[in-house]
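Listed below, chain by chain, are the residues.
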Amino acid sequence: MTDPLVGRHVTLGVTGSIACYKAVDLASKLVQAGAMVDVIMTDGAQEFLWPITFSSITHRPVVTNLFDPQSELSMDHVALAKRSDVVLVAPATADAIAKAAWGMAGDALSATLLATEAPVIFAPAMDANMYDNPATQENVSKLRSRGAVIAGPAEGRLASGLVGRGRMLEPSALVDHVRIVLGRDGDLSGKKIVVSAGGTQEPIDPVRMITNRSSGKMGFAIAEAARDRGANAVIVSAPTALPDPTGITVVHVETALEMRDAVTAQCEDADALIMAAAVADWRSAEVASQKLKKGSAETMTIEMVKNPDIVAGIGGGRMVKVGFAAESEDVVENAQSKLLSKGLDIIAANDITSADSGFATDTNRVVLLDRDGGVTELGLLSKYEVGHRILDKVVQML
Ligand code: PMT
């Protein structure tokens, strides 16, 4: 298993909203993720953009007219409807939504939507009053009740000058919606996967804290991979600069004790726990309520107490437990002893010494060790791919 977009046919319907300019980036992101993208532009969309804008990104012809003798649809008007693994309408105007809700088929996009058996996602983009109008709301509910996904819209400043509900979601969020739809019957469908991420923060006083270099990227990428295989993915995250990913519940915590409580609660009905977080082993014995003063002393000592080991103290039973070992020497040996001492099913021995691996990078080098003695060296991969390889093993154990 890998990114569910790889090798899949996505039909992207682009309709006449100023948000069409974002559809260019969206098409590009879908292509970069490995999808084959067929674009259908309505007449309205062609008032904003030229077909060549899309065809130069997708390297495929753009459909602009149901009756164009040059178009594939003139020979088989439902060709895209049959070929699509998913149809995404982005931006979706009030007009396009109304036509789909009422089963109209007078243009290439409407006809494709009426004929397709593939899942359909609409990304509304319009003025807030148009979106809130009961007519649009009724049409949106009608589409939803027939199984369509309505992605967004977001709130914010609109082209009309109004501030309200009507902004098209950002392209990266829409790409994630496509992944979720394509992956929803995946091999983790119906499973709950809890992932911890980031570096815990242990306060000393209201100003200072002890933390580490974890960015949260590894944990977030594992959760995204689980989501893209149909899982109910939950992240328990220490503070990071990362936005909450689409379609994933994120529980925000700061300290190791808060992380323990949140992970324990989430694991009550979980199928697997993957601890990618860098949890502080120690915390300050006392947290000063006021800022500590520098004074005249040349040294300063903070008494530390041990934090509980979260992964060692949790669960067992049928839940699969995966840990990480961030190591700078004797990587595999040290990971092996943590696998045993923490009662894990799998551990990812993580070499943090090279520049393309470990903390804050987009790639990682890990060796997977499992409780039965299996050793799998993954080499250099994106953190998302590392997530998939760990999940391959989790699926086998579940
Ligand atoms: O977030 P990134 O910037 O992407 O970086 C990713 C990473 C390097 C942080 C990640 O890949 C990683 O290696 N995470 C584990 C880091 C770590 O704290 O390793 P450890 O050897 O100290 O702990 C071993 C395991 O026990 C880990 O799964 C850890 O989450 C868990 N642990 C540790 C201490 C503790 N009190 N409770 C725990 O559950």
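Residues numbered from 1 in each chain as written. Predicted model: local features only at pLDDT ≥ 70, side-chain atom pairs only at ≥ 80, totals over all residues. Heavy atoms only, no water.

A. Highlighting unusual backbone geometry. Cis geometry is found at the peptide bond from Ala 90 to Pro 91, where omega equals 0 degrees. By the secondary structure assignment, Pro 91 is in strand β3 (residues 86-92). Here the residue pair Gly 152 and Pro 153 is connected by a cis peptide bond, since its omega of 0 degrees sits within 30 degrees of zero. Positionally, Pro 153 belongs in the loop between β5 (149-150) and β6 (154-157). For His 59, which is not glycine, the phi torsion reads 60 degrees and is therefore positive. Overall, His 59 belongs to the exposed group, its relative accessible area being 67%. (Helix = DSSP H or I, 4+ residues; strand = E, 2+ residues; numbered from the N terminus. Buried < 20%, exposed > 50% of the residue type's maximum accessible area, 1.4 Å probe, protein only.)

B. Inspection of the site of the ligand at higher detail. Near the ligand there are 27 residues, and of these Ser 214, Ser 215, Lys 338, Asn 350 and Ala 360 occur at the shortest range. A distance of 2.8 Å separates an oxygen atom of the ligand from a polar atom in the backbone of Met 218. The contact in question runs from an oxygen atom of the ligand to an N or O atom on the side chain of Lys 338, over 2.3 Å. Surface burial for the ligand is 96%, taken as the share of its 770 Å² of free accessible area covered by protein chains. Here the ligand is seated within the largest pocket. Contributing elements (two or more residues each) for the shell around the ligand: α11 (217-227) and β16 (320-327). The greatest single-element share of the shell around the ligand, amounting to 4 residues, is contributed by β16. Tallied by class, the residues present in the shell around the ligand amount to 14 nonpolar, 7 polar and 6 charged. (Near = heavy atom within 4 Å. Polar contact = N/O pair within 3.5 Å; in protein donor to acceptor, adjacent residues only side chain to side chain. Areas by Shrake-Rupley, 256 points an atom, 1.4 Å probe, with all protein chains shown as cover. 1 Å grid on protein atoms, 1.4 Å probe; cavity = no way out; pocket = protein on both sides within 12 Å on 5 of 7 lines; lining within 4 Å. Sits in = over half its atoms within 2 Å of the grid points. Nonpolar A, V, L, I, M, F, W, Y, C, P; charged D, E, K, R; others polar.)

C. Structural view of the sheet that holds strand β18 (residues 363-370). The 8 strands are arranged β12-β11-β8-β13-β16-β17-β18-β19 in an open sheet whose pairing can be described as mixed. Since the sheet does not close on itself, it has two edges, and those belong to β12 (249-252) and β19 (375-382), each with one partner. Here the average twist between neighbouring strands, direction ignored, is 20 degrees. Of the pairings in the sheet, the one linking strand β11 (residues 232-237) to β12 comprises 4 bridges and is parallel in character. Residue Val 236 lies in a different strand from β12, and its bridge partner there is Val 251. With respect to the sheet, α11 is in contact with β8 (192-197), β11, β13 (272-275), β16 and β18, its orientation differing from that of β8 by roughly 165 degrees. Where helix α12 (residues 256-266) meets the sheet, it contacts β8, β11, β12 and β13, and its direction lies at approximately 165 degrees from that of β11. (Pairing = 2+ DSSP bridges. Axes fitted to C-alpha atoms, helices over the stretch in contact; angles between N-to-C directions. Contact = heavy atoms within 4.5 Å.)

D. Examining α11 more closely. Within α11, 9 of the 11 residues are buried, leaving the element largely enclosed by the surrounding structure. Of all the positions in α11, only Met 218, Gly 219, Phe 220, Ala 221, Ile 222, Ala 223, Ala 225, Ala 226 and Arg 227 are classed as buried.

E. Here's a closer look at the packing of helix α1 (residues 20-32) against helix α10 (residues 171-183). Axis separation between α1 and α10 bottoms out at 9 Å; the angle between their running directions is 45 degrees. Taken together, the axes of α1 and α10 are oblique relative to one another. The way α1 lies across α10 gives a crossing that is right-handed. For the pair α1 and α10, the contacting residues are Lys 22, Asp 25, Leu 26, Lys 29 and Leu 30 in the first and Pro 171, Ser 172, Leu 174, Val 175 and Val 178 in the second. Residue composition of the contact of α1 with α10, by class: 6 nonpolar, 1 polar and 3 charged. (Parallel < 35°, antiparallel > 145°, perpendicular 65-115°, else oblique. Left-handed = near helix turned anticlockwise from the far one by under 90°.)

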